[in-house]
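Reading the structure
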Amino acid sequence: MTQRELTRLQGAMAIASFTAGVAIACACLFLIPPPGEISNSAISIVSELLVLAGAILGVKTTYDAKFIKLESDLQRKADKPEQSASDHSSASGQSDSDE
């Protein structure tokens, strides 16, 4: 599964959670007697679904940012020894020719 597919799946889960939360709230508001009263359990379910949607997107965004930073740090460290090694070998080549 590619990163793009994973992002779309997580976005779809967040949208589905939000839609389910709104549907539960509407059902409790208009279909369950007495009309217009939302019970505590329905409010609890809606809030849990909305928190789930936010958590999925928030955690994904946080880890994506950390992974990008880690990748750039590793790339910078990987490039640095190559440059110093090439500088060292050219410097040692000059000292060998001086002898």
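For the structure, see preceding data.
A brief report on the enclosed structure follows. Because the structure is a prediction, the values reported are computed rather than measured. (Residues numbered from 1 in each chain as written. Predicted model: local features only at pLDDT ≥ 70, side-chain atom pairs only at ≥ 80, totals over all residues. Heavy atoms only, no water.)

**Looking at the overall build of the chain**
To keep things clear, this is the line we draw: Secondary structure elements follow DSSP: runs of H or I no shorter than four residues count as helices, runs of E no shorter than two count as strands, and numbering proceeds from the N terminus. Relative accessibility under 20% of the residue-type maximum defines a buried residue, over 50% an exposed one, and the middle range a partly exposed one, all with a 1.4 Å probe and only protein chains included. The contact rule is simple, with two residues in contact once any of their heavy atoms fall within 4.5 Å. Residue burial considers only the protein chains on display, and all accessible areas are found by Shrake-Rupley using a 1.4 Å probe.
Counting its secondary structure elements, the chain contains two helices and zero strands. Taking all 99 residues of the chain together, the buried fraction comes to 11%. At a minimum sequence separation of 6, the contacts of the chain that also span at least 24 residues come to 60%. A total of about 7800 Å² of accessible surface is found on the chain, and carbon and sulfur atoms cover 65% of it.

**Some thoughts on the environment of L49**
As for its position among the elements, L49 is in helix α2 (residues 40-98). What L49 contacts, discounting residues up to four positions off in sequence, is S17, A20, G21 and I24.

**What to know about the environment of F18**
Turning to its location among the elements, F18 is positioned in helix α1 (residues 3-30). For F18, a relative accessible area of 46% translates into the label partly exposed.

**Some points on a nonpolar patch on the surface**
Where we set the bar: The patch calculation keeps residues exceeding 30% relative accessible area without a salt bridge and links them within 9 Å when they carry like charges or within 5 Å when they are nonpolar (Val, Leu, Ile, Met, Phe, Trp, Tyr). For this analysis, a salt bridge means a side-chain nitrogen from Lys or Arg found within 4 Å of a carboxyl oxygen belonging to Asp or Glu.
A cluster of nonpolar side chains, contributed by V59, Y63, F67, L70 and L74, occupies part of the molecular surface with about 520 Å² of accessible area. Mapping Y63 onto the fold places it in helix α2. Classification of Y63 by relative accessible area gives partly exposed; the value is 47%.

**Focus on the environment of Q10**
Structurally, Q10 is set in helix α1. Given the relative accessible area of 18%, Q10 is considered buried. Each C-alpha atom, one on Q10 and one on L57, is 7.1 Å from the other, the two residues being 47 residues apart in sequence. Excluding anything up to four places from it in sequence, Q10 contacts I56, L57 and K60.

**Some details on the pattern of salt bridges**
Pairs can form between side chains of opposite charge once their charged atoms are near each other. For the structure on display, the rule yields two salt bridges. Ionic pairing is found between K69 and D73, a salt bridge with its closest N-O pair at 3.8 Å. With K69 and D73 both in helix α2 and four residues apart, this pair spans about one turn of that helix. A residue is classified by how much of its surface remains accessible, and K69, at 54% relative accessible area, is exposed. Its relative accessible area of 22% is what places D73 among the partly exposed residues. Residue R76 is joined to D73 by a salt bridge in which the shortest nitrogen-to-oxygen separation is 2.6 Å. With R76 and D73 both in helix α2 and three residues apart, this pair spans about one turn of that helix.

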